[in-house]
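Fold and contact review
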Amino acid sequence: MTDRIVIKITRFIISGTFAAFIYSVGFVELSKLGISPWICGAASYAGTMPIAYTLHRKYSFKSQKPVTKEVLRFTAGSLIGLISASVTPSALARTTSMSHEWIALWTSVLTPCI
């Protein structure tokens, strides 16, 4: 692997980890208010999407392409992520006895994998 690829992958991991952290904090804080896991997941993911997009565009890939081309592709992928971030916490809350913190952690790991 070339150094450029290693640097890009490292930046991608850093950006993704930061976005996952923001998602998890949002999910846990919203769940403390008694909001359903489905809404917590959707709201946290929707709030994290612009942060993740900006980090990946500016830091991970240092893209110079027109935003209009990239944002459509990012939005399509993010809609799939939004569905996952909404359904996963709700399913975990119904089928397990996990705390909201563990649900947020599992969701922030599973969603990018999907």
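Read on for an overview of the structure. Remember, it's a predicted structure, so these values are computed and weren't measured experimentally.

Counting 9 residues, the largest nonpolar core is built from Tyr23, Phe27, Val28, Cys40, Tyr45, Ala85, Leu92, Ile103 and Ala104. Among the secondary structure elements, those contributing two or more residues to this core are helix H1 (3-32), helix H2 (37-60), helix H3 (67-95) and helix H4 (100-113). Broken down by element, this core gets its largest block of residues, 3 residues, from H1. Setting aside chain neighbours within four positions, we find Tyr23 in contact with Gly41, Ser44, Tyr45, Thr48, Ala85, Pro89, Ala104, Thr107 and Ser108.

This part takes up the packing of aromatic side chains. Counted according to the given criterion, the structure contains 3 aromatic pairs. Aromatic pair Phe12 and Phe61: ring centres 5.8 Å apart, planes at 50°, arrangement tilted. You can see Phe12 sitting in helix H1 and its partner Phe61 sitting in the loop between H2 and H3, a full 49 residues away along the chain. By relative accessible area, which is 41% here, Phe61 ends up partly exposed. Over the ring of Tyr59 we find Arg11; its NZ or CZ atom is 5.2 Å from the centre of that ring.

Note on pairing: side chains with opposite charge can pair once their charged atoms come close. Scanning the entire structure with this criterion turns up 2 salt bridges. The residue Glu29 makes a salt bridge to Lys32 at a minimum N-O spacing of 3.3 Å. Linking Glu29 with Lys32, this pair stays in helix H1, spanning 3 residues, or about one helical turn. By relative accessible area, Glu29 is classed as partly exposed at 42%.

Calculation notes
- Residues numbered from 1 in each chain as written.
- Predicted model: local features only at pLDDT ≥ 70, side-chain atom pairs only at ≥ 80, totals over all residues.
- Heavy atoms only, no water.
- Core = buried A, V, L, I, M, F, W, Y, C linked by side-chain atoms within 4.5 Å.
- Buried < 20%, exposed > 50% of the residue type's maximum accessible area, 1.4 Å probe, protein only.
- Helix = DSSP H or I, 4+ residues; strand = E, 2+ residues; numbered from the N terminus.
- Contact = heavy atoms within 4.5 Å.
- Phe/Tyr/Trp six-rings, centres within 6.5 Å; stacked < 30°, edge-to-face > 60°.
- Lys NZ or Arg CZ within 6 Å of the ring centre and 35° of its normal.
- Salt bridge = Lys/Arg side-chain N within 4 Å of Asp/Glu carboxyl O.

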